[in-house]
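Spelled out, the chains give:
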Amino acid sequence: MTCKLVRRHLGAFIDGELDPASQIEFERHLEACAVCQEHLAFERSFHQQAREAIAGVHAPEHLWNRTLHRFDEIDATRAERTSIEARPMRWRQTWPIAAAAAAVLIIGSVVGLPESTAYQGAGMLQDVVNLHSQALPSDVQAEAPQDVVRYFQGKTPFPVKPARFAEPGMKFVGARYIKVGAHPAAALYYNHQGRRVTLLVFQSPEIVRNAHRTHVGGREVLYHNVGGNVVTIRQHGGVNYAFFGDLDRPVLFQLAANARVAY
Amino acid sequence: MPGKSKKVEAQRRLFEAEVRPHLDTLYSIALRLTRSPVDAEDLVQDTLVRAYRFYDRFEAGTNFKAWLLRIQMNSFVNRYRRASREKQVFDGPMATPVGEGVMSRATMRGLTDPVGDAERQLIAQEIRRAFEELSDEARAMVMLADVEELSYKEIAEVVGCPIGTVMSRLHRARKQLQGSLQAHAVQLGIIEEDDSELEDPIPLEAFRARKAAKS
């Protein structure tokens, strides 16, 4: 047992993290080595002083109340989701997603697309649907839309602005940075008359490759059928805006068509 | 709240009761990590919201505090990491290697037993300053080990690395803290720097021989 070894692991010795055999060997060495004893005394005292210098911070009183308020919101969203799940539209069921994946695969083989592309498209669609049902918390809140733009700067290879809607019932709630497959994306959360809508902003050609196309109010809207539900997609400047939510089918088409994605 | 089921209410009460005792810990670590009271509050709130959402994934009987701290550490890394550069510095070989004998014995003696309250306070202030200069992860290490007194196993869980890595990172963080403190303490005249070069550790044999010669 060398002094160097002992001093290298004095911290672990003081923390009681050495194995019992080493602990005994260390104690023996320390008993005999005056210099190492000094190091030990110093380390002990230093740990103590560091603790006293850094510790002793208390959370401000209002933090707990603020947090309880957020819990209330989560409970409310959960209660709402439970009531929505009782309706025929069920985002959380996995079989429609599996059916959609199969559907995309069949389309893929019919039109002769490489299988990997079809897989990718199907997987992405599933990611999109899962993202909505997970209802992950926002990274940026809705209070300041310019914060959203700033937040995504450098994170996504395209600028992210919350889409605007003419519908007064459509409110922007917050946004979160996520990845769809390997693509960086922005999840924008909205509330449409009490129901959640997720708008995914991302850049990947795969998801629109097998999409159906239609025109709503003079605007081209792409869509994928997912079980009994639909994911509607608007394209602008090489960026996709995918809409999905606990809403009826026509509403999702309307929202996609009416969204102001460039301003 | 109307329509709130009994199960949801019971779950909520249980979660609140489990979380409340850890609020100060979460906040104090968040404050040391973000260096800003506003960001610290946001980080704690984000942590608790995530924890509440994923409470059903927490395995009863495992360490709740470590679970919370792990969520907070992940939130911090995701939210505030400066393009993950810091993590790379930590995971890779450190830019500034830390030697073992950074302190002379005179310095050690000067810092081991500060004389009087004034000196004690001055040193505490210097420790805080030195601590603020540490990297994010080094601050986390010192907080978790020295302030929260978590075991290395718990720290490994929180930070998400092997126990051996905790040991070396913690050692490095403490040595950096001491090195920075020493430099400033000498400048401020809290301790005197001695000119004698760092003494070689006395080998056990030599020590015994000297002891034997004395008697």
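See the structure shown above.
Residues numbered from 1 in each chain as written. Chains lettered and ligands numbered in written order. Predicted model: local features only at pLDDT ≥ 70, side-chain atom pairs only at ≥ 80, totals over all residues. Heavy atoms only, no water.

J.: Give me the lowdown on the sheet that holds strand S8 (residues 239–245) of chain A, citing residues and values where you can.
T.: All names here are of chain A. Strand order in the open sheet made by the eight strands is S1-S2-S3-S4-S8-S7-S6-S5, with antiparallel pairing throughout. Whereas interior strands pair on both sides, the edge strands pair on one side only; in this sheet they are strand S1 (140–141) and strand S5 (212–216). Bridge analysis of strand S6 (residues 219–226) against strand S7 (residues 229–236) gives five bridges, and the strand direction is antiparallel. Within the sheet, the bridge partner assigned to Val226 lies in S7 and is Asn229. (Pairing = 2+ DSSP bridges. Helix = DSSP H or I, 4+ residues; strand = E, 2+ residues; numbered from the N terminus.)

J.: So what's going on with the interface of chain B and chain A? Which residues, and what values?
T.: Taken together, the contact pairs 59 residues of chain B with 50 residues of chain A. Along the contact surface separating chain B from chain A lie 21 residue pairs in polar contact (both at pLDDT 80 or more). If you list the elements that add at least two residues to the side of chain B that touches chain A, you get helix H1 (6–19), helix H2 (23–34), helix H3 (37–53), helix H6 (105–112), helix H7 (116–132), helix H8 (136–147), helix H10 (163–187) and helix H11 (204–214) of chain B. Among the elements that line the side of chain B that touches chain A, the one with the most residues is H3 of chain B, at 10 residues. Here the side of chain B that touches chain A is composed, by residue class, of 32 nonpolar, seven polar and 20 charged. (Contact = heavy atoms within 4.5 Å. Polar contact = N/O pair within 3.5 Å; in protein donor to acceptor, adjacent residues only side chain to side chain. Nonpolar A, V, L, I, M, F, W, Y, C, P; charged D, E, K, R; others polar.)

J.: Talk me through H10 of chain B; I want residue IDs and the actual numbers.
T.: When the terminal C-alpha atoms of H10 of chain B are compared, their 36 Å separation across 25 residues agrees well with the 36 Å that a helix rising 1.5 Å per residue should span. Following H10 of chain B by one or two positions, Gly189 of chain B adopts a phi angle in the positive range, close to 75°. (Expected span 1.5 Å × (residues − 1).)

J.: I'd like to hear about the side chain of Thr34 of chain B, residue by residue, with values.
T.: Residues and elements named next belong to chain B. Within the fold, Thr34 resides in helix H2. Of the residues examined, Thr34 reaches a relative accessible area of 13% and is grouped as buried. At 3.4 Å, the side chain of Thr34 forms a polar contact with the backbone nitrogen of Ala40. (Buried < 20%, exposed > 50% of the residue type's maximum accessible area, 1.4 Å probe, protein only.)

J.: Kindly report on the packing of helix H3 (residues 20–32) of chain A against helix H4 (residues 34–54) of chain A, identifying the contributing residues and their values.
T.: All names here are of chain A. Two numbers describe how H3 lies on H4: the axes approach to 6 Å, and their chain directions differ by 110°. If you check the angle between H3 and H4, you find them roughly perpendicular. Contact with H3, carried on its side by His29, Leu30, Glu31 and Ala32, involves Ala34, Cys36, Gln37 and Leu40 of H4 and no other residues of that element. For the contact of H3 with H4, the class distribution of residues is five nonpolar, two polar and one charged. (Axes fitted to C-alpha atoms, helices over the stretch in contact; angles between N-to-C directions. Parallel < 35°, antiparallel > 145°, perpendicular 65-115°, else oblique.)

J.: An account of the pattern of salt bridges is needed here, citing residue identities and associated values.
T.: Residue and element names in this part refer to chain A. Across all of its chains, the model carries 19 salt bridges over all chains by this definition. Between Glu73 and Arg70 there is a salt bridge, and its shortest N-O distance comes to 3.4 Å. Within this pair, Glu73 and its partner Arg70 are both found in helix H5 (residues 61–85), separated by three residues, close to a single helical turn. You can call Glu73 partly exposed: its relative accessible area is 38%. Relative accessible area serves as the criterion here: at 18%, Arg70 is assigned to the buried category. A salt bridge links Arg213 to Glu220; the nearest nitrogen and oxygen atoms lie 3.4 Å apart. (Salt bridge = Lys/Arg side-chain N within 4 Å of Asp/Glu carboxyl O.)

Everything listed here is a matter of geometry and, on its own, says nothing about what the molecule does.
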